[in-house]
Amino acid sequence: MVSRRDFFMGAGAITAAVAASSVSRVSLAGLPEPVIQSSPETMAPLEPNTGRPYKPVVTLNGWTLPWRMNNGVKEFHLVAEPVVREMAPGFNAHLWGYNGQSPGPTIEVVEGDRVRIFVTNKLPEHTSIHWHGQRLPNGMDGVAGLNQRAIPAGKTYVYEFEAKRPGTFMYHPHADEMVQMAMGMMGFWVTHPRDAHPNIDEVDRDYCFLLNAYDVEPGSYTPKIMEMLDFNIWTFNSRVFPGIDPLVARKDDKVRIRVGNLTMTNHPIHLHGHEFEVTGTDGGPVPRGARWPEVTTDVAVGQMRQIEFIASDLGDWAFHCHKSHHTMNAMGHDVPTMLGVDHRKVVTQINSLIPDYMVMGERGMADMAEMQMPLPENTIPMMTGDGPFGSVEMGGMFTMLKVRADQPAGDYSDPGWYQQPEGTQAFEWTGPLQEPSRFKSEASTGKPAVEVQVRKPTGHSGH
Ligand SMILES: [Cu+2]
């Protein structure tokens, strides 16, 4: 984190882009110091040293915004501004965010807190903030034009309300929303319960992150803001596997993971090796009698979900979106299926024109992870996360739950790869093999194993 002085020095670097919206030092007098973060690391939880006590969350590859107490009011200062987000080592995106990063910092408060948030707009256009899921006065809800005037470039507005109900929330612009969210403007908000709550358990680890998606063409830096569906960068907190940190737990820890979805499609979030319960939704904690076990929970657009489980089983367990296209990185979708197509002859001819051209996809896309093909500048290759036994062949919305017996309490650092005990891993069978009997019967008919029936459309051509 950097001081206000560093903030102003750093802000100078982007002044050229936002000259029209630069904020004078005088106008910031009396505001809480804007704390800026640009490291992509997962920051240690921010232990509260003023206000009501609570057990802080850990924001995956992110951080929590410090506050100041002013006559019993918790004051925060968000700065909406252009940022550079390292989505993975070697791949930087030019986004819009808050306080140096996209997503913006997590805001943590306690049920019943009076909250005052100063929002300074250093974007080249107007903005506003909607406090997604909160109970608050209508004029604080942040829909530009409906609840307030949009915050002009260069101006600071103040939002103030009581954090009425405990739970998992988000914040995002409600002005030129499509562009500003496509550029990465969003953040997490957690309201902790004030006292012991019948439907909210204490947990040992409390992780949170947002699902977000971008359309960044290979070789470029700025997301295409007009995209509706065909995104190519699927992220947890604007980080792409293998650039995402693991979720670390000590054996038998009670773990909570909070997920918010600000993409334009749903994401079935899937955990291996454990079953969990959804303990909270957008509307608050789920009554205990209404919970049921899952290993995958769908997080629809605009929704928040809290899952909880006991980290009972040692290992490195995959945790990912189950839409397989969302566990890739930058890829084109208009690519023909080449499975089973032998195009070696064609490649020889193409190579005389384009020497770098390679055969891809005729055995499957694992080729993509195995070979290092020439890439444009500032692009993350597809599916290149390596594990202890080779390529994981995953990217995008993928990380691991790492459960260890000896992880120190409060230590969220990566413990490295799990050492599987002898005799507990899948292994090659070297004994005798029986041919499947169906192949013999098929061979006797003289017919190929797979038949393709081509059915040509008839009639109804007027549709
Ligand atoms: Cu997904």
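Residues numbered from 1 in each chain as written. Predicted model: local features only at pLDDT ≥ 70, side-chain atom pairs only at ≥ 80, totals over all residues. Heavy atoms only, no water.

The name given to the chain in an unreviewed UniProt entry is Copper oxidase, with the source organism recorded as Halopseudomonas pelagia.

Caption draft 1: Region of the structure containing the sheet that holds strand E7 (residues 130-132). Spatially, the 4 strands line up as an open sheet ordered E5-E10-E9-E7, and their pairing is mixed. This sheet does not close on itself; its edge strands, each paired only once, are strand E5 (107-110) and E7. The mean angle between the axes of side-by-side strands here comes to 25°, regardless of whether they run parallel or antiparallel. Across 3 bridges, E7 lies against strand E9 (residues 167-172) in antiparallel orientation. Residue Trp-131 lies in a different strand from E9, and its bridge partner there is Tyr-171. (Pairing = 2+ DSSP bridges. Helix = DSSP H or I, 4+ residues; strand = E, 2+ residues; numbered from the N terminus. Axes fitted to C-alpha atoms, helices over the stretch in contact; angles between N-to-C directions.)

Caption draft 2: Summary view of the coordination of the copper ion. Each protein donor to the copper ion is listed here as His-267 (ND1), Cys-321 (SG) and His-326 (ND1); together their distances run 2.0 Å. Here the donor residues for the copper ion map to a single chain with the spacing H-x53-C-x4-H. Within this pair, whereas His-267 is found in strand E15 (residues 267-271), its partner His-326 is found in the loop between strand E21 (315-321) and helix H4 (344-353), the two being separated by 59 residues in sequence. (Donors = N, O, S within 2.8 Å, 3.2 Å for Na, K, Ca; no water.)

Caption draft 3: Here's a closer look at the packing of aromatic side chains. Counted under the stated rule, the structure contains 14 aromatic pairs. Each ring, one from Phe-209 and one from Phe-319, has its centre 6.2 Å from the other, and the planes form 85°; the classification is edge-to-face. A residue pair is termed long-range when its members are at least 10 positions apart, and Phe-209 in strand E11 (residues 205-214) and Phe-319 in strand E21 qualify at 110 residues. Of the two residues examined, Phe-209 and Phe-319, each falls in the buried class. Taking 5.9 Å as the distance between ring centres and 75° as the angle between the ring planes, the aromatic pair formed by Phe-231 and Trp-234 counts as edge-to-face. In terms of burial, Phe-231 and Trp-234 fall into one category: buried. These aromatic residues form a ring-pair network of at least three members: Tyr-98, Trp-131, Tyr-159, Phe-161, Tyr-171 and Trp-189. (Phe/Tyr/Trp six-rings, centres within 6.5 Å; stacked < 30°, edge-to-face > 60°. Buried < 20%, exposed > 50% of the residue type's maximum accessible area, 1.4 Å probe, protein only.)

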